[in-house]
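As a plain string of letters, each chain reads:
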Amino acid sequence: MTAAEFALTLGTAVIRLRANTARQVDRWYSKMTDEKILGIEGGGTKTAWALVANGVIVESGKLPPSNLRLTPLDQITKIFRVLPREVNRIGVFLAGCATEEDRAALLKLARSVWSKANIVAGSDRDSGMAACLRDRDGIAVNAGTGSSVTGRSGRRIENAGGWGHILGDAGGAYFVSIRALRSILREYDLRRGERKFAANILRALGLNNFDELVRWAQTADKMEIASLAPVVFEAARKSDEAARQIIATGVSALVDFTTAVSMRLQLETPEVRLMGGLFENQKFYGVAFAKALSEKIPGAKVALSESPPEVGAAWLAADERLQIAKTEEPAGAVQLVSSTEEANPKSANLDRLGAREIVELFVAEEKSVDEGLRQCVGQLARAIELSAGAIGNGGRVFYVGAGTSGRLGVLDAAEIPPTFGASPDLFQGIIAGGASALRRSIEGAEDDARAGALAMDEREVKPEDLVIGISASGRAAFVIGALRRAREIGAQTILLTCNAKRKPGGEFDLEINLKTGPEIVTGSTRLKAGTATKVALNIISTGAMARLGRVRGNLMIDLQPTNKKLRERAIGLVSQLARCDRESARARLERADWNLREALKEE
């Protein structure tokens, strides 16, 4: 079903909406070209920021959420501290900043970081209105994780919605998602049936059954539940009636709020601007809203916001005088293509190979993994010593990566406790985009160096720790940002890469370059680069644990016998090391509550 067809099922019709991007800007030129202006907009999903200088956006990014009422103040301070510091003006507008007391508290927080800047503070409604309408009269409709409607006529402001996910947020992603979950479970309770999109909900969450879904929902936060909205919209596009009704209800709620605000402000033909992730990413949601609103306010002029809220925040910081010149994406330094991004001539005809030929090609190419590892024996040995030294001195080892590299780091860290009986704190995996990135790609997560730096502060990295950055190209900004912040803290750092074209820069304590060459599928570093990285991490973590006495011979002396297979293995280990029969070994383990070391101490 197309967007237009879906819109018509809700009694809507297509209007032209203008796309919104982080770089979309006004047509006017800045009158304040000598100043650096930082705009910050924070809410329940993210903290977005933009730095404006000489009339253009020179840098921007997204960091974790910052809601003045829900986010601890020390967390907000950590976010502020990784943002640009040398600025003249700052506009900081956060969700939850509703009163004059809130505004004063936010100003105090910002001034503790930017003591010399001219700062204005307020609610994310303020920055949203500025992004949508600047100083014009009209109505801003926000549908992101939550929702709100804000209107202005002269000096008069009217609001509707925005009461949070417990009491309101009708029409936002949380609203859509929670109703979908309830619909699925209600159908199951009444008829033991499943909606067509129930399986997709389970897949999106990595769950296996309804019991797991219920347990997940009982502890999931607002953002986690809201992340399911795309699954519901996809089901609606495939004509699932329950999903279509949920989305229609969301549209209706937003239209009712908008109509109420328009009537209170006596705006007969209001300019209505749409903002937020649902309108930006689910185009037919805006289409449906526009037609439904036209039935209640025929003269309403609906379009997407021309700029993001962080630009609205910068505009307010500049005393409502800032206009940004339309500009091209700034040209960065020319970077050589990574060897992992080059085309592999040996697989140029991959699409024409038979199954056996594909297997033979893969097996033949795996020799480059072995060669890459052999060339780095010395560096891998050094990495073992650094890891063991960090842990031996009371520190920890952090793996930091994005995409495949991040998943491999998280995987290796997760295997340490059950294999070696070690605390989960000793090896920790950090992936750009957070836990959601383990199951699906989070676009742009690897490009934010400041988010990588913030991750180091959030995990409270200390000088005794070791941080291992994993990046096939050696260029992932999230990884490099984390490593640089770790060095500032005084921690030791290792960069693990697979880019033969990268020249060691001496910036980190150790660089390990596994030169695996071009991939069979060009740029797919989950292949040879991923294999080599997995082996390298196995070597480093296992070597460190061995150096720290976590094995006896080649046996897992601290194995955690958490299932039948592992209990049988534990019995075999005790039987072998204590030189007793299996029944005696089992009895020892039971007396020691299945602690291998304690069982072996028994005479």
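It should be noted that the structure appears before, not after, this text.
The notes below deal with the structure included here. (Residues numbered from 1 in each chain as written. Predicted model: local features only at pLDDT ≥ 70, side-chain atom pairs only at ≥ 80, totals over all residues. Heavy atoms only, no water.)

Of regular secondary structure, the protein chain possesses 24 helices and 15 strands. Its C-alpha radius of gyration of 28 Å places the protein chain within 12% of the 25 Å reference for a compact globule of 603 residues. Expressed as a percentage of the 603 residues in the protein chain, the buried residues total 51%. Taking as baseline every contact in the protein chain between residues at least 6 positions apart, the subset at least 24 positions apart corresponds to 69%. Summed over its atoms, the accessible surface of the protein chain is roughly 28,700 Å², and 49% of this surface lies on carbon and sulfur atoms. Positive and negative charge centroids in the protein chain, built from 82 and 74 side chains respectively, lie 1 Å apart. (Helix = DSSP H or I, 4+ residues; strand = E, 2+ residues; numbered from the N terminus. Rg over C-alpha atoms; globule rule 2.2 N^0.38 Å. Buried < 20%, exposed > 50% of the residue type's maximum accessible area, 1.4 Å probe, protein only. Contact = heavy atoms within 4.5 Å. Areas by Shrake-Rupley, 256 points an atom, 1.4 Å probe, with all protein chains shown as cover. Lys, Arg positive; Asp, Glu negative; His and termini not counted. Charge placed at Lys NZ, Arg CZ, Asp CG, Glu CD.)

Read across the sheet, 5 strands follow the order β8-β7-β6-β9-β10 without closing on themselves; strand pairing throughout is mixed. At either margin of the open sheet sits one strand with a lone partner, and together these are β8 (156–161) and β10 (301–304). Mean inter-strand twist for the sheet, computed between neighbouring axes without regard to direction, equals 20°. Examined bridge by bridge, strand β7 (residues 147–153) and β8 share 6 bridges and lie antiparallel to one another. Residue Ser 153 lies in a different strand from β8, and its bridge partner there is Arg 156. (Pairing = 2+ DSSP bridges. Axes fitted to C-alpha atoms, helices over the stretch in contact; angles between N-to-C directions.)

With that out of the way, let us pick up helix α6 (residues 173–191). Helix length check: α6, at 19 residues, gives a terminal C-alpha distance of 27 Å against a target of 27 Å (1.5 Å per residue), a fit within 8%. Residues Ala 173, Tyr 174, Phe 175, Val 176, Ser 177, Ile 178, Ala 180, Leu 181, Ser 183, Ile 184 and Glu 187 constitute the buried set of α6. (Expected span 1.5 Å × (residues − 1).)

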